[in-house]
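Coordinates in review
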Amino acid sequence: MLKVADIYTGKSPVPHLAAKVGLVGFNPSSQARMERLPYRGELDTGGDRMKAIVVTDQAAGTAGATLLDRPEPQAAINDVVVQIHAAGFTGDELTWPSTWVDRAGRDRTPSIPGHELAGVVTALGYGTTGVSIGQRVFGLTDWYRDGTLAEYVAFEARNLAPLPSDVEFTVGAALVMPGLTAWQGLFEHGRLHAGQSVLVHGAAGVVGSMASQLARQAGAYVIGTGRADARQTALDFGAQQFIDLDNDALEDVGEVDLVFDVIGGDIGRRSAGLIRAGGTLVTVTGPTEARPFGGLTIDFVVIPDRAQLTELVQRVRAGRLRTNIGNVAALEDAVAAFNRTERSKGKTIIRPHL
Ligand SMILES: NC(=O)c1ccc[n+]([C@@H]2O[C@H](COP(=O)([O-])OP(=O)(O)OC[C@H]3O[C@@H](n4cnc5c(N)ncnc54)[C@H](OP(=O)(O)O)[C@@H]3O)[C@@H](O)[C@H]2O)c1
């Protein structure tokens, strides 16, 4: 496959690819671009194919995922196409309707899961501004469109942010979902501020470890929870106190202002009783009946946010934030990576391109 660098420097031996990446007479001004860019139907790649992980059977879960050849995606209005260097996947996606049907409820399988990425922009859609061919980016793609366990993905430019050259692609991809989820859960939905206390469930996990770091930086007192073997990891990521959910009594925590729950079920229900009057239970595990006294329960799904991504990556560069990366695998090994028999710790990152 042609390298982005070749395309970017204009060495493409294939004229339609130069047109595809918008190099011909490239001018960042949107007016100039409107006059020059072809309609989507003209952005014909000549049937280029790519490798991707595909799912067709909801009941089969990750065991039903397969590595297949798929058509390379095309950039629609305000889209970018990104060559993916690192991608992430969240298991819950396979239970969400967006993986299986489009917004009108029509079957959209075979679909490509994974919505977290870091990579390099290779094409711009009609009207796309604020991002350039060859730029390093990272972001969260639309749940209802084909995703990032693939060599290329097309998605809305507003859903990405620039990835600085000194931040590795693996780190960029690993920052997207936990970073945005923790930020939105703590600060937008939980309204956490300095001097408050927060109980972070699963504090050694991917989202919990990010939430602990961000909450500490905001001046909150952080109590982390998890299994006994998670204690040291949770403390290393910023928890000031640790509750072993198998052996300690959760109720001994006392009152907190906010609970950030990534576990759900009985743990979520019991946690509601620990929240100070007027406090908040924030959960990412789905709807729950649990309600804190005089307070709110907010169950949410993370959304893309360029400003938040930019702030998060600046903290990584400043050495204030660490990602929690576990297994790193090639696209060819992704199905095996998501179906390991032993429980893996940390974020699994897939590398379609190195
Ligand atoms: N709604 C959203 O927008 C959104 C966004 C991101 C993630 N999520 C969901 O959030 C959940 C957490 O994601 P993650 O990536 O952080 O997963 P993760 O890395 O596996 O973290 C979960 C942590 O909780 C611990 N844990 C789970 N059940 C436990 C229990 N019963 N007792 C004690 N510890 C327990 C796990 O320990 P072990 O590893 O030992 O099991 C792990 O440390 C997933 O369900 C994910 O799909 C939702």
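Residues numbered from 1 in each chain as written. Predicted model: local features only at pLDDT ≥ 70, side-chain atom pairs only at ≥ 80, totals over all residues.

Once that is clear, we can look at the overall build of the protein chain. Looking only at helices and strands, the protein chain features 9 helices and 15 strands. The buried share of the protein chain, reckoned over its 354 residues, is 44%. Taking the intrachain contacts of the protein chain between residues at least 6 apart in sequence as the baseline, contacts between residues at least 24 apart amount to 62%. (Helix = DSSP H or I, 4+ residues; strand = E, 2+ residues; numbered from the N terminus. Buried ≥ 20, exposed ≤ 12 C-beta atoms within 10 Å, placed from the backbone. Contact = placed C-beta atoms within 7 Å.)

Moving on, we get to the environment of Gly-286. Of note, Gly-286 is situated in the loop between strand S12 (275-283) and strand S13 (296-299). For the pair formed by Gly-286 and Val-262, sequence separation is 24 residues and the distance between their alpha carbons is 9.5 Å. Setting aside chain neighbours within four positions, we find Gly-286 in contact with Gly-264 and Asp-299.

A few words now on the site of the ligand. Of all residues adjacent to the ligand, which total 23 residues, the nearest are Asp-92, Gly-202, Gly-205, Val-206 and Val-207. Broken down by secondary-structure element, the contributors of at least two residues to the shell around the ligand are helix H4 (169-189) and helix H5 (206-217). Counting residues per element, the shell around the ligand draws most heavily on H5, at 3 residues. Tallied by class, residues from the shell around the ligand come to 11 nonpolar, 8 polar and 4 charged. When residues of the shell around the ligand are assigned to domains, at least three map to each of domain 1 (4-163 + 324-351) and domain 2 (177-299). (Near = placed C-beta within 6 Å. Nonpolar A, V, L, I, M, F, W, Y, C, P; charged D, E, K, R; others polar. Domains from an automatic or database assignment.)

Within strand S11 (residues 256-261), 6 of the 6 residues are buried, leaving the element largely enclosed by the surrounding structure. Where strand S8 (residues 197-200) lies against S11, 3 bridges are found, and the strand directions are parallel. The partner of Val-200 across the bridge, within S11, is Phe-260. Relative to S12, S11 runs parallel, the two sharing 5 bridges. Note on S12: the bridge partner recorded for Leu-258 is Thr-280. Once you follow S11 into helix H7 (residues 265-272) and on to S12, the crossover reads as right-handed. (Pairing = 2+ DSSP bridges. Right-handed = clockwise from strand over helix to strand, strands pointing away.)

Right, let's talk about helix H8 (residues 306-317) for a bit. Taking 1.5 Å of rise per residue, 12 residues should cover 16 Å, and H8 covers 17 Å from first to last C-alpha, within 8% of that figure. For H8, the set of buried residues is Leu-309, Leu-312, Val-313 and Val-316. The buried residues of H8 all sit within an arc of 95 degrees when viewed along its axis, so they share a single face. In the core, the buried residues of H8 are packed alongside strand S5 (136-140), strand S7 (160-162) and H4. The first or second residue beyond H8 is Gly-319, which carries a positive phi of 75 degrees. (Expected span 1.5 Å × (residues − 1). Arc of directions from axis to C-beta.)

Turning our attention to the packing of H4 against H5. Following both chains from N to C, one finds H4 and H5 inclined at 55 degrees, their axes separated by 8 Å at the closest point. Relative to H5, H4 is oriented oblique. The handedness of the crossing between H4 and H5 comes out as right-handed. Between H4, through Pro-178, Gly-179, Thr-181, Ala-182, Trp-183, Gly-185 and Leu-186, and H5, the contact on the second element is made entirely by Val-206, Val-207, Met-210, Ala-211, Leu-214 and Ala-215. Residues that form the contact of H4 with H5 fall into these classes: 10 nonpolar, 3 polar and no charged. (Axes fitted to C-alpha atoms, helices over the stretch in contact; angles between N-to-C directions. Parallel < 35°, antiparallel > 145°, perpendicular 65-115°, else oblique. Left-handed = near helix turned anticlockwise from the far one by under 90°.)

Attention now goes to the sheet that holds S13. On the basis of which strands lie adjacent, the open sheet formed by 6 strands has the order S10-S9-S8-S11-S12-S13 and parallel pairing. Edge positions in the sheet fall to strand S10 (241-244) and S13, since each has one partner strand and no second. If you compare each strand with its neighbour and ignore which way they point, the axes differ by 15 degrees on average. Pairing analysis gives 4 bridges linking strand S9 (residues 221-226) to S10, with the strands arranged parallel.

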